[in-house]
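Notes for the structure review
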Amino acid sequence: MNFMASKQPENSLLGPESDSQRTLYPYVTGTSVVALKYKDGILMAADMGGSYGSTLRYKNVERMKAIGKHSLLGASGEISDFQEILRYLDELILYDNMWDDGNSLGPKEVHNYLTRVMYNRRNKFNPLWNSLVLGGIKNGQKYLGTVSMIGVNFEDNHVATGFGNHLARPILRQEWHENLSFEDGVRLLEKCMRVLLYRDRSAINKLQIAKITEEGMTISQPYSLKTYWEFSAFENPTQGAVGSW
Amino acid sequence: MFRNQYDTDVTTWSPAGRLFQVEYAMEAVKQGSAAIGLRSKTHIVLGCVNKANSELSSHQKKIFKVDDHIGVAIAGLTADGRVLSRYMRNECINYSFTYESPLPVGRLVVQLADKAQVCTQRSWKRPYGVGLLVAGLDESGAHLYYNCPSGNYFEYQAFAIGSRSQAAKTYLERRFENFADSSRDDLVKDALMAIRETLQGETLKSSICTVAVVGVGEPFHILDLETVQQMIDAFEIVGEQEGPAAEPDAAAAADQGGSTEEGVAPMDI
């Protein structure tokens, strides 16, 4: 009954497609996540938007979640794939807890597990369409890393996904330093998120900042940033160029 | 233990509630040459007696490195031990690959025990005939475990398995309270002394024993023959100075009152 069966050219390497369920494009997506290491742990920020293409469809999406006792995961990209990843991690942490010994998976272990998952999915041409940020602290050791949908992973003192890489990272490279206080860290993240809000069309003005320290994870209530649109350069922008915008 | 009608199958209980095949497997461990292990807060030392079949042959490998932070000494059917070591190495390497972190030794030991248990509950299998002393480091410190063919595992401060291990156990029982704070070198010396106890008067030399160490900042490795011989020579000299009755094992800890140590015949299990 396959009227519109997907057709492959004769020389395709993709294999049988009758059960084609591989991800081809994302549908509901989240935009940038930005995170940095500070004195007591990790700070991470993400807005609460879920875009459906160019429509800002969902405005209450929590894109950061605690994983176990020691880690915090933030995701951009396909929201349903993020939820799937949360299910994988839930099972991982469950089995880790079931050992009931003194050992627990720390952020480094979770990050590497995610890297394996993302890379293996990519190899099967069925990626989880996300860019992930994994941060945490265990036994005083801070850890912050990122994994992309093709399995590229690395750690750094500050990371970002998507547009954050282009707009936020340059700010962080200039202004980040070791042992930022909590207030300075938040101020720095807000500076990055404000730039993203001005310039990323998928960003919305409703964000959360999450913090993870040895004591645990806390996530702020959603709040908005103050913005300023009265710059004189934006008044009458088409003066001298009628017809343009 | 005598032959009886309930010992053919591992899946047959005796009326007294025993699984004889499992117990026979544990006998195989007792017949193997001795292996000992002891630990402090930061280090674990494994040692074993290596008796070659003849002068012409080399001795069997009884201590295996499983990972940088885990090693194992075996007693019993060395072939079974080799296979289990391969399993352990595989588990460690897979965990390291997925999590970029060393497999906690406590978890490996449980996996090993569960693997052994399977063989006690399948009619087409037999229990592994090897006892394993697993030494490893994890987040909570240094650990020494003993894995039994029955599928049980126990954690120890110090332990000995194999033939004439009771002599070593007696020695270790006397000294174990000091082990937690021992230095690495003292721990190795104690291991060598414990090995000597199992030799029943035969001279201890590095050609007939193997010693391995793992500790904080020290990956698992087997000590080479010269190092071991030097340590043996060091405490034998001390022993001769201390005990004019030419008792070579009064040695390192002078506080033990050496004269009671010889004279008690090492018990055969």
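The text that follows walks through the structure, step by step, so that each part is easy to find. (Residues numbered from 1 in each chain as written. Chains lettered and ligands numbered in written order. Predicted model: local features only at pLDDT ≥ 70, side-chain atom pairs only at ≥ 80, totals over all residues. Heavy atoms only, no water.)

**With respect to a nonpolar patch on the surface**
Residue and element names in this part refer to chain A.
- Together, Leu24, Tyr25, Tyr27 and Tyr52 give the surface a local cluster of nonpolar side chains, amounting to about 480 Å² of exposed area.
- Tracing the sequence through the fold places Tyr25 in the segment before β1 (28-30).
- Take Tyr25: its relative accessible area is 52%, and that puts it in the exposed class. (Patch = residues over 30% accessible without salt bridge, like charges linked within 9 Å, V, L, I, M, F, W, Y side chains within 5 Å. Areas by Shrake-Rupley, 256 points an atom, 1.4 Å probe, with all protein chains shown as cover. Salt bridge = Lys/Arg side-chain N within 4 Å of Asp/Glu carboxyl O. Helix = DSSP H or I, 4+ residues; strand = E, 2+ residues; numbered from the N terminus. Buried < 20%, exposed > 50% of the residue type's maximum accessible area, 1.4 Å probe, protein only.)

**Things to note about the environment of Phe2(B)**
- With respect to the element layout, Phe2(B) can be found in the segment before α1 (20-31).
- With 173 residues separating them in the primary sequence, Phe2(B) and Arg175(B) have C-alpha atoms 36 Å apart.

**Quick look at the packing of aromatic side chains**
- The tally for this structure, following the rule as stated, stands at 11 aromatic pairs over all chains.
- Lying across the ring of Phe182(A), Lys211(A) places its NZ or CZ 5.8 Å from the centre.
- The side chain of Lys115(B) reaches across the aromatic face of Tyr87(B), ending 4.6 Å from its centre. (Phe/Tyr/Trp six-rings, centres within 6.5 Å; stacked < 30°, edge-to-face > 60°. Lys NZ or Arg CZ within 6 Å of the ring centre and 35° of its normal.)

**Quick notes on the sheet that holds strand β3 (residues 41-47) of chain A**
Residue and element names in this part refer to chain A.
- On the basis of which strands lie adjacent, the open sheet formed by 5 strands has the order β11-β2-β3-β12-β13 and antiparallel pairing. Across the chains shown, the open sheet's two edge strands, defined by having one partner strand only, are β11 (158-160) and β13 (216-219). Each strand of the sheet is rotated relative to its neighbour by a mean of 15°, with strand direction disregarded.
- Looking at chain direction, strand β2 (residues 33-38) and β3 are connected through 6 bridges and run antiparallel. Bridged to Tyr38 within β3 is Gly41.
- Sheet contacts for helix α3 (residues 163-175): β2 and β11; angle to β11, the most-contacted strand, approximately 165°. (Pairing = 2+ DSSP bridges. Axes fitted to C-alpha atoms, helices over the stretch in contact; angles between N-to-C directions. Contact = heavy atoms within 4.5 Å.)

**Notes on the sheet that holds strand β7 (residues 153-155) of chain B**
Residues and elements named next belong to chain B.
- Strand order across the open sheet formed by 5 strands is β3-β4-β5-β6-β7, with antiparallel pairing between neighbours. Lying at the two open borders of the sheet, with one neighbouring strand each, are β3 (63-67) and β7. Ignoring which end each strand starts from, the neighbouring axes of this sheet average 25° apart.
- Of the pairings in the sheet, the one linking β3 to strand β4 (residues 70-76) comprises 4 bridges and is antiparallel in character. Bridge pairing in β4 links Asp67 to Ile70.
- The sheet strands contacting α1 are β4, β5 (130-138) and β6 (141-147), and the helix crosses β4 at an angle near 100°.

**As for the pairing of strand β1 (residues 35-39) of chain B**
Residue and element names in this part refer to chain B.
- Across the 5 residues that make up β1, a large majority, 5, are buried.
- Alternating residues of β1 divide into Ala35, Gly37 and Arg39 and Ile36 and Leu38, and every residue in both groups is buried.
- Judged from the 4 bridges that link them, β1 and strand β8 (residues 158-161) form a sheet pairing that is antiparallel. Along β8, the bridge assignment pairs Ala35 with Ile161.
- Note that β1 and strand β2 (residues 43-49) share 5 bridges and pair antiparallel. Bridge pairing in β2 places Leu38 opposite Val45.
- Turn length for the β1-β2 hairpin, with the two strands adjacent in sequence and antiparallel, is 3 residues.

**Here we look at the side chain of Ser101(B)**
- As for its position among the elements, Ser101(B) is in the loop between α2 (78-99) and α3 (105-118).
- Accessibility expressed as a relative area gives 12% for Ser101(B), which makes it buried.

**Here's the deal with the pairing of β13(A)**
Residue and element names in this part refer to chain A.
- Alignment of strand β12 (residues 207-213) against β13, held across 4 bridges, turns out to be antiparallel. In the strand pairing of β13, Lys211 is matched with Thr218.
- Joining the antiparallel neighbours β12 and β13 is a turn of 2 residues.

**Focus on the packing of helix α2 (residues 107-123) of chain A against α2(B)**
- Contact geometry of α2(A) with α2(B) gives a least axis separation of 6 Å together with a crossing angle of 90°. Comparing the axis directions of α2(A) and α2(B) gives the class roughly perpendicular. Contacts from Lys108(A), Glu109(A), Asn112(A), Tyr113(A) and Arg116(A) in α2(A) reach Phe97(B), Thr98(B) and Tyr99(B) in α2(B).
- The residue makeup of the contact of α2(A) with α2(B), split by class, is 3 nonpolar, 2 polar and 3 charged. (Parallel < 35°, antiparallel > 145°, perpendicular 65-115°, else oblique. Nonpolar A, V, L, I, M, F, W, Y, C, P; charged D, E, K, R; others polar.)

Note that every value here comes from positions in space, so none of it alone points to a role or purpose.
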